[in-house]
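Listed here are the chains, written in short residue letters.
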Amino acid sequence: MPGDLELPIPYGRQWIDEDDINAVIETLRGDWITQGPKVEEFEKSLAEYVGVKYAVVFNSGTSALHAAYFAAGVGEGDEVITSPITFVATANAAVMLGARVVFADIDMKTYCLDAEEVEKKITHRTRVVAPVSFAGYPVDLRPFLDLKEKYGFIIVEDAAHALGAIRNGKKVGAEADMTIFSFHPVKHITTGEGGVVVTNSEIFCEKLKLFRTHGITKSEEKLTRYDGPWYYEQHVLGYNYRITDFQCTLGLSQLRKLERFVERRNEIAKRYNEAFSEIDNLITPPKVAEEGWRHAYHIYPLLLNGLERKSFFFKLRERKILPQVHYIPVHLQPFYQERFGYREGDFPNAEDYYKREVTIPLFPRMSDAQVEYVINTVIEIASEG
Ligand SMILES: Cc1ncc(COP(=O)(O)O)c(C=O)c1O
């Protein structure tokens, strides 16, 4: 890492190099800029990386979620249970299909959905439970798999934050019925905008592909009749959720660097953990077990203990560190309060977490000088009280 201190320091950003740019240019010069071979090539590489049979790429993580809920059969009157500490997209994608979003509180040991709270919310209408591997922490799926066995719903893991995370020796993406990842620029790899659903189910895979292209099929065995080579049929209501070939080329090039990116994220987080663990008014993020687990550290959520969040946030900004807050609990959004009647006080852990959280910079391209600057500045501000 270069040693010079570049300011300001954003909370996250992409790392695009000449390799990526040259690869994209080559695709742009070719015959296919969309619906071409790079799409399948990217899908194959992603499936291989995660260790699953199928990957279906989309033009965003949000459309990937929408498609995954569709493939799970979510419709009018169904319920989707998820965490209030997530980006609104996790919940919105269920509303798009006419479902009711049921929140369950988070576990303060992980900041992820608490399986015991989920069990209290399960009804005969529960179609999907969507745990979020928040901040890159790979949520333990075992209790959710047990609940699935007992009640029979589908697990869609929102792993937008967790590409490259490992739990129990397996990559995140290998255990849930379907898992989504996002390729937004602050994520582990980027395609500008983009996302993917990974799964071992051929049935889900087919539904995902149908949904991605207007609900249209050309597959002969599915057609009700056959008029000629031009013929296709629309069987369900789908969308144009396709991603381009030049984006997939960028994704392929980025995927080759993923291990290095995730390792660097872990290296920075380790420095932060060491530096902040002795500071009384700072709480470092949940850690994973050493053996067989790996955090993906999409973000570094620092919790303040007795410090005023707003003033901490502005003091960082004055010193050219650009923090964020992840997230405003989704049940507190006016839309969710109006649509489903949620109120302040409904999810005490999520609300307590939100009031105390500040996301400090963490991205693979951060220089050591930037990391040290963030550490020194955070400690200085924390000691001001
Ligand atoms: C947890 C989570 N889920 C879903 C999404 C949606 O992904 P995208 O921005 O690619 O649509 C995001 C994006 O930030 C996210 O953080």
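Bear in mind the structure is a predicted one, so any value in this text is a computation, not a measurement. (Residues numbered from 1 in each chain as written. Predicted model: local features only at pLDDT ≥ 70, side-chain atom pairs only at ≥ 80, totals over all residues.)

Asker: Would you take a moment to explain the domain arrangement of the protein chain for this structure?
Answerer: A common measure of how large an interface is: the accessible area buried when the components associate. On domain assignment, one finds that the protein chain holds domain 1 (18–255) and domain 2 (258–384). Each of domain 1 and domain 2 has a C-alpha centre, and the two are 26 Å apart. Counting residues at the interface gives 33 residues for domain 1, matched by 28 residues for domain 2. Those elements giving two or more residues to the side of domain 1 that touches domain 2 turn out to be α4 (88–95), β3 (100–103), β8 (166–167) and α8 (245–255). Counting residues per element, the side of domain 1 that touches domain 2 draws most heavily on β3, which supplies 3 residues. Per-class residue counts for the side of domain 1 that touches domain 2 are 19 nonpolar, 9 polar and 5 charged. (Domains from an automatic or database assignment. Contact = placed C-beta atoms within 7 Å. Helix = DSSP H or I, 4+ residues; strand = E, 2+ residues; numbered from the N terminus. Nonpolar A, V, L, I, M, F, W, Y, C, P; charged D, E, K, R; others polar.)

Asker: Would you take a moment to explain the site of the ligand for this structure?
Answerer: Neighbouring the ligand are 14 residues, the closest being S60, G61, T62, A160 and S182. Put simply, the parts of the chain that give the shell around the ligand at least two residues each are α3 (61–71) and α4. Split into classes, the residues belonging to the shell around the ligand amount to 4 nonpolar, 9 polar and 1 charged. (Near = placed C-beta within 6 Å.)

Asker: Explanation requested: the sheet that holds strand β10 (residues 178–182) in the structure shown.
Answerer: Working definition: the strands of a sheet are paired by backbone hydrogen bonds and lie parallel or antiparallel to each other. With respect to topology, 7 strands assemble into an open sheet ordered β1-β11-β10-β7-β6-β2-β3, the strand pairing being mixed. A single partner strand is all that each edge strand has here, and the edge strands are β1 (54–58) and β3. On average, adjacent strands in this sheet sit at an angle of 25° to one another, irrespective of strand direction. Where strand β2 (residues 79–82) lies against β3, 4 bridges are found, and the strand directions are parallel. Residue E79 lies in a different strand from β3, and its bridge partner there is R100. (Pairing = 2+ DSSP bridges. Axes fitted to C-alpha atoms, helices over the stretch in contact; angles between N-to-C directions.)

Asker: Can you walk me through unusual backbone geometry in this structure?
Answerer: Leaving glycine aside, a negative phi is the common case for residues, and trans is the common case for peptide bonds. Between L7 and P8 the backbone carries a cis peptide bond, its omega angle lying at -5°. Position of P8 relative to the elements: it lies in the segment before α1 (18–29). Backbone torsion omega between H326 and Y327 reads -5°, so that peptide bond is classified as cis. Here Y327 lies in the loop between α10 (309–318) and α11 (334–340). The backbone of N168 sits at a positive phi, close to 50°, despite the residue not being glycine. Along the polypeptide, N168 turns up in the loop between β8 and β9 (170–171). Overall, N168 belongs to the partly exposed group, with 14 C-beta atoms counted inside 10 Å. For H214, which is not glycine, the phi dihedral falls at a positive 60°. Examined against the element boundaries, H214 turns out to sit in the loop between α7 (202–212) and β12 (216–217). Looking at H214, the number of C-beta atoms within 10 Å reads 17, which means it is partly exposed. (Buried ≥ 20, exposed ≤ 12 C-beta atoms within 10 Å, placed from the backbone.)

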